[in-house]
Amino acid sequence: MRAATLNAPEDLRLVEKDKPKPGKGEVLLKIEANTMCGTDYRLYTGAKTSGVDYGVVPGHEIAGRIAEIGEGVEEIQPGLKVGQQATVSIVVSCGRCDNCLKDREHLCSDLELFGYAIDGGLQEYMLVPERALRRGNLITTNKELDPKALCLAEPISCCLNGLDQFKVNLGDVVAILGAGPIGLIHAQLALASGASYVFVSNRSETRREVADRVGAVGVSPDELDSRVKEVTNGAGADVVIVCIGATELAQDALELARDGGRVNYFAGFPKGSTSQMEPNLIHYKELQVTGGSNARRRDVKRAIEVLESGAIDVDEIVTHTFPLSKVHEAYQAVADRIGVKIAVIPD
């Protein structure tokens, strides 16, 4: 079979390798699609190395179908059948550390990630190891989804984890900084949660138009503050979500929020970066400030339900596809910000 392997920073190779055979407690997925995000490109360039075992098959936004089931799987996860559509919760947690025991498995101190240390979705077949199966990381769909939609279960699950922390209530005004895939997903989740206005800020007119098409209001960064104040009588946004890892936005988000508002730094920022912020804004406005990183297994299940409900306009998110044989071109498309999100599909 064909697979992409990341052997070192900027050393991505398309190779032929033996199709895996599932051993005891293992399941083999036939990969139908794998979408890519900015983190994939950071792994490729070496900007992100934590948890990466070089030689790994990258790709963590995975849609597949059960191709083979190993001996003993029925005792671990009953009811699995060849032909079922499935994805994985990418965080394989230990189940023993303090975070795992306190319902923070996605922050496990000894986690492994598909596409980082465990072979991911940029290949024709992917093995789900026994340790992942025992942790419940293989998750099947309730009904058939377009594979490109199922891939989005991973980023949506992360957004749902963030949403649980900052909440969006009926009638809220939400400001989202960034109209990439994550910003556009957050916009649609906020609308589904009952927000009255969802402003999505981006310098790209094309991205602002996408925000408009999914039901939000696309605005330029220069007009965001005035547009928010216009609909809130000067009060500010109930919720501000930072979806771009630009350090100057940390302060901007605090200024945009109303008294008692919620600010979420959802984007990952460059390692070791710092930001100048005015803490009195948090103090006097009584802001709630949260972060967001990864997702639990249950979040992935919820994400699949969101996709099955039709709440996410998948076609506006996944805009370009490449065959696996052109995986290098796919990475370049991510770097060049072609479209919104790129999908790689086995030839």
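Residues numbered from 1 in each chain as written. Predicted model: local features only at pLDDT ≥ 70, side-chain atom pairs only at ≥ 80, totals over all residues. Heavy atoms only, no water.

## Describing a negative patch on the surface
Move 1: On the surface, a cluster of negative charge is made up of Glu248, Asp252, Glu255 and Glu278.
Move 2: Along the chain, the position of aspartate 252 falls in helix α10 (residues 249–256).
Move 3: Here aspartate 252 falls in the partly exposed class, since its relative accessible area comes to 32%. (Patch = residues over 30% accessible without salt bridge, like charges linked within 9 Å, V, L, I, M, F, W, Y side chains within 5 Å. Areas by Shrake-Rupley, 256 points an atom, 1.4 Å probe, with all protein chains shown as cover. Salt bridge = Lys/Arg side-chain N within 4 Å of Asp/Glu carboxyl O. Lys, Arg positive; Asp, Glu negative; His and termini not counted. Charge placed at Lys NZ, Arg CZ, Asp CG, Glu CD. Helix = DSSP H or I, 4+ residues; strand = E, 2+ residues; numbered from the N terminus. Buried < 20%, exposed > 50% of the residue type's maximum accessible area, 1.4 Å probe, protein only.)

## Quick notes on the domain arrangement of the protein
Move 1: Taken domain by domain, the protein consists of domain 1 (2–146 + 314–345) and domain 2 (158–291).
Move 2: When each unit is reduced to the centre of its C-alpha atoms, the spacing between domain 1 and domain 2 is 29 Å.
Move 3: Listed as interface residues are seven residues of domain 1 and, on the opposing side, ten residues of domain 2.
Move 4: Together domain 1 and domain 2 conceal approximately 720 Å² of surface at their shared face, both sides included; 58% is due to carbon and sulfur atoms.
Move 5: Remark: the boundary between domain 1 and domain 2 carries one salt bridge.
Move 6: When the shortest N-O distance is used, the salt bridge between arginine 213 and glutamate 316 registers 2.7 Å.
Move 7: Viewed at the interface, domain 2 and domain 1 are joined by two residue pairs in polar contact (both at pLDDT 80 or more).
Move 8: Its residues assigned to classes, the side of domain 1 that touches domain 2 shows two nonpolar, two polar and three charged. (Domains from an automatic or database assignment. Contact = heavy atoms within 4.5 Å. Buried area = accessible area lost by both parts, 1.4 Å probe. Polar contact = N/O pair within 3.5 Å; in protein donor to acceptor, adjacent residues only side chain to side chain. Nonpolar A, V, L, I, M, F, W, Y, C, P; charged D, E, K, R; others polar.)

## Some points on the nonpolar core
Move 1: With 47 residues, the main nonpolar core has Val174, Val198 and Leu307 as its most contacted residues.
Move 2: Inspection of this core shows a minimum of three residues originating in each of domain 1 (2–146 + 314–345) and domain 2 (158–291).
Move 3: Beyond its immediate chain neighbours, meaning those up to four positions away, valine 198 contacts Val174, Ile176, Ala187, Ala190, Leu191, Ala216 and Val217.
Move 4: Within the second largest apolar cluster, 41 residues are counted, among which are Leu6, Val92, Ile342 and Val344. (Core = buried A, V, L, I, M, F, W, Y, C linked by side-chain atoms within 4.5 Å.)

## What to know about the pairing of strand β11 (residues 197–201)
The side chains of a regular strand alternate, first on one face of the sheet and then on the other.
Move 1: The buried count for β11 comes to four of five residues, which makes it a mostly enclosed element.
Move 2: Sheet topology places strand β10 (residues 173–177) next to β11; five bridges connect them, and they run parallel. From the neighbouring strand, valine 174 faces β11, where its bridge partner is valine 198.
Move 3: Between the parallel pair β10 and β11, the chain is carried across by helix α7 (residues 181–192), and the sense of this crossover is right-handed.
Move 4: In the sheet, β11 pairs with strand β12 (residues 217–219) via three bridges, with the strands oriented parallel. Within the sheet, the bridge partner assigned to phenylalanine 199 lies in β12 and is valine 217.
Move 5: In terms of handedness, the path from β11 via helix α8 (residues 205–213) over to β12 forms a crossover that is right-handed. (Pairing = 2+ DSSP bridges. Right-handed = clockwise from strand over helix to strand, strands pointing away.)

## With respect to the side chain of asparagine 264
Move 1: Its place among the elements puts asparagine 264 in strand β14 (residues 257–265).
Move 2: Asparagine 264 sits in the buried class, given a relative accessible area of 0%.
Move 3: At 2.8 Å, the side chain of asparagine 264 and the side chain of threonine 290 are in polar contact.
Move 4: If we skip the residues at most four places from it in the chain, asparagine 264 touches Gly162, Phe166, Val240, Ile241, Val242, Thr290, Gly291 and Gly292.

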